[in-house]
Amino acid sequence: NIVKIHGREILDSRGNPTVEVDVVLDDGSLGRAAVPSGASTGTREAVERRDGDPGRYHGKGVRAAIGAVNGEIAAAVTGMDAAEQSAVDETLIALDGTANKSRLGANAALGVSLAVAKAAAVSAGQPLYRFLGGADATLLPLPLFNIVNGGAHADNPLDFQEFMIAPVGADTLADAVRMGSEVFHTLRGALRAASHNTNVGDEGGFAPTMATAEEVLAFVRQAITDTGYTPGTDIAIALDPAASEFYHGGAYHYRGEDRVRTVEEHVAYLAGLVDAYPIVSIEDGVAQDDLDGWKLITERLGDRVQLVGDDVFCTNVTLLTDGIKAGIANSILVKVNQIGTLSEMLTTARTAHEAGYSVVMSHRSGETEDTTIADLAVATGCGQIKTGSLSRSDRTSKWNQLIRIEEELGSAARYAGRTTLTGQAV
Ligand code: PGA
Ligand code: ZN
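What you are looking at is a predicted structure, and each value in this text was computed from that prediction instead of being measured. (Residues numbered from 1 in each chain as written. Chains lettered and ligands numbered in written order. Predicted model: local features only at pLDDT ≥ 70, side-chain atom pairs only at ≥ 80, totals over all residues. Heavy atoms only, no water.)

Asker: Is there a simple way to explain the coordination of the zinc ion (ligand 2) in this structure?
Answerer: The expected angle between donors at a tetrahedral four-coordinate metal is 109.5 degrees. At an octahedral six-coordinate metal it is 90 or 180 degrees. Protein coordination at the zinc ion (ligand 2) comes from Asp240 (OD), Glu283 (OE) and Asp310 (OD), with a distance range of 2.0 to 2.2 Å. All donors to the zinc ion (ligand 2) come from one chain, and their sequence spacing reads D-x42-E-x26-D. Of the two residues, glutamate 283 is situated in strand β11 (residues 279-283) and aspartate 310 in the loop between β12 (306-309) and α9 (317-326); the sequence distance between them amounts to 27 residues. Neither glutamate 283 nor aspartate 310 differs from the other in exposure class; each is buried. (Donors = N, O, S within 2.8 Å, 3.2 Å for Na, K, Ca; no water. Helix = DSSP H or I, 4+ residues; strand = E, 2+ residues; numbered from the N terminus. Buried < 20%, exposed > 50% of the residue type's maximum accessible area, 1.4 Å probe, protein only.)

Okay, structure coming up:
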């Protein structure tokens, strides 16, 4: 049973305050979880509660959320059985009382929800992935390594937020990490040789001053080849344009090229990139409010490419169910802090799988040293994870945790490779 809940204000990878929660059980088991934070957030995400006091952390303090953890939430959850995750999460949801967790804050709820799960796993003497996923939780996910950053995650003119590489042809997760790292370093050399800067963005990927996606894609493909891999066969490419960020007034505004594309032109442009490069997955190719665009892109590319809904679904089972009915996308990005409790995330993932949609476990652009999502990717058997680049400890900590899990599973471990990608032409 839970005997103590304690929240504190710590820093995330961008140097902004965030919530960390310790949960202690009567047998002494400790669960600790830190909450991440997005920059290109969906409008329908659960609410991240910030103090708004300009005198502290430029208004970004989370003392009120911490106050909720140590006050109301601790009062309601202390004494509960930590192994009863859904009962704990239902208590959090009911206590908050709003549809988007705006009263207590999704950051308060999530810190408690994850820390409870981790304490229960410690108490059961099991690693988190096995505690939540059972003995069948042996599938190591395909990593989507974000090696070039743009959009809201960097100061360069790139409109697209993320250019990722996916080692679909690796034999193991550890091999996939090695291959990703090798390409990352080849790319650094190529950028240097071309007099581009090699500073990194929020997720540890390079942030060169380039204006178009084609320019980046050409560098990335060349780096894959120059490292000795076959683009598409060994290592494929994935994109997250995060198109909600540059969709205004019904059209897509490309700053880099200084041109506006209509919905049709924008989708045709993406289709052209898919023709020209070994792209297997596009996340948020169109904006969260562009339902016609989502229908069009799904119709045009849904049988060739995995189309991942991030902002459009916000890890919310209602939004996902609407999307499945409307026939948009064929995959969902899952971020625990978009919805605020572990149980709700698991329900959303299960609903996606039942509809034949793939699930990509995801970090946020603001992260911490907390590696829970690595375990959640294995626990759900979702088969794909994106958690940034191959540099910066806030990102590599998740890859390192997956390496440990693979090692611990030994001969039972299986590497997903390309098997869970949806929308692939056969
Ligand atoms: P965010 O970006 O964490 O800044 O929202 C990640 C994403 O868009 O997938
Ligand atoms: Zn996204």
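Asker: Help me out: how do you make sense of the side chain of glutamate 283 in this one?
Answerer: Residue classification places glutamate 283 among the buried positions, given a relative accessible area of 2%. Look past the residues within four positions of glutamate 283 in its chain and what remains in contact with it is Leu239, Asp240, Pro241, Ala242, Val308, Asp310, Leu333 and Lys386. (Contact = heavy atoms within 4.5 Å.)

Asker: Sorry if this is basic, but what is going on with the pattern of salt bridges here?
Answerer: Between side chains of opposite charge, a pair can form as their charged atoms come close. Counting across every chain of the model gives 24 salt bridges. When the shortest N-O distance is used, the salt bridge between glutamate 45 and arginine 364 registers 3.1 Å. Remark: arginine 364 occurs in the loop between β14 (358-362) and α12 (372-380) and glutamate 45 occurs in the loop between β3 (30-34) and α1 (63-77); sequence separation between them is 319 residues. Neither residue differs from the other here; glutamate 45 and arginine 364 are each classed as buried. Through salt bridges with shared partners, a single ionic network connects Arg8, Glu20, Asp22 and Arg32. (Salt bridge = Lys/Arg side-chain N within 4 Å of Asp/Glu carboxyl O.)

Asker: How should I be thinking about helix α8 (residues 291-301) in this particular structure?
Answerer: Each turn of an α-helix holds 3.6 residues, which means side chains three or four residues apart point in the same direction. Of the residues making up α8, those classed as buried are Gly293, Trp294, Leu296, Ile297, Thr298 and Leu301. Contacts from the buried residues of α8 go to α7 (263-276), β11 and β12.

Asker: Which parts of the structure should I look at to understand the packing of α1 against helix α2 (residues 85-96)?
Answerer: Two quantities define a packed helix pair, namely the angle between the axes and the distance from one axis to the other. For the pair α1 and α2, the least separation of the axes is 10 Å and the interaxial angle reads 135°. What the angle tells us is that α1 and α2 run oblique. Like other packed secondary-structure pairs, α1 and α2 cross with a definite hand, here right-handed. Residues Glu72, Ile73, Ala76 and Val77 of α1 touch α2, and the partners they reach there are Val88, Thr91, Leu92 and Leu95. (Axes fitted to C-alpha atoms, helices over the stretch in contact; angles between N-to-C directions. Parallel < 35°, antiparallel > 145°, perpendicular 65-115°, else oblique. Left-handed = near helix turned anticlockwise from the far one by under 90°.)

Asker: It is not clear to me how the UniProt feature "active site" (unreviewed entry) in the chain should be interpreted in this structure. Could you clarify?
Answerer: The positions that UniProt labels "active site" (unreviewed entry) are, in the present scheme, Glu203 and Lys335. Considering the arrangement of structural elements, one finds glutamate 203 in the loop between α5 (173-193) and α6 (213-226). Discounting chain neighbours no more than four positions away, the residues touching glutamate 203 are Asn146, Asn149, His153, Glu162, His363, Arg364, Ser365, Gly388, Ser389 and Arg395. For glutamate 203, the side chain forms a polar contact with the side chain of asparagine 146, separated by 2.8 Å. Structurally, lysine 335 can be placed in the loop between β13 (331-334) and α10 (336-339). With residues near it in sequence (within four places) discarded, lysine 335 still touches Asp310, Thr315, Ser362, His363 and Arg364. (UniProt positions renumbered as here; feature names shortened; annotations may be inferred. Polar contact = N/O pair within 3.5 Å; in protein donor to acceptor, adjacent residues only side chain to side chain.)

Asker: Help me understand the packing of α7 against α8, please; the structure alone is not making it clear to me.
Answerer: The geometry of α7 relative to α8 is characterised by a closest axis approach of 10 Å and an angle of 30° between their N-to-C directions. The angle between α7 and α8 places the two elements in the roughly parallel class. The way α7 lies across α8 gives a crossing that is right-handed. Contact with α7, carried on its side by Val263, Glu264, Val267, Ala268, Leu270, Ala271 and Val274, involves Gly293, Leu296, Ile297, Arg300 and Leu301 of α8 and no other residues of that element. In the contact of α7 with α8, the residues fall into 9 nonpolar, 1 polar and 2 charged. (Nonpolar A, V, L, I, M, F, W, Y, C, P; charged D, E, K, R; others polar.)

Asker: Explanation requested: the sheet that holds strand β1 (residues 2-11) in the structure shown.
Answerer: Sheet strands pair by backbone hydrogen bonding; their relative direction is either parallel or antiparallel. Judged by pairing direction, the sheet is antiparallel, and its 3 strands sit side by side in the order β1-β2-β3 without closing on themselves. Every other strand in the sheet has two partners, leaving β1 and β3 as the edge strands with one partner each. Recorded for the sheet is a direction-independent mean angle of 15° between the axes of neighbouring strands. Sheet analysis places strand β2 (residues 17-25) next to β3, joined by 5 bridges and oriented antiparallel. Pairing of aspartate 22 across the sheet is with arginine 32, part of β3. (Pairing = 2+ DSSP bridges.)

Asker: How do you make sense of α5 when you look at a structure like this?
Answerer: Taking 1.5 Å per residue as the helical rise, α5 with its 21 residues ought to reach 30 Å, and the 30 Å between its terminal C-alpha atoms agrees with that figure. Among the residues of α5, those classed as buried are Leu173, Ala176, Val177, Met179, Gly180, Val183, Phe184, Leu187 and Leu191. End-on view of α5: buried residues confined to an arc of 160°, all on one side of the axis. Summarising the geometry of α5, the exposed residues directed more than 90 degrees from the buried face are Arg192 and Ala193. (Expected span 1.5 Å × (residues − 1). Arc of directions from axis to C-beta.)

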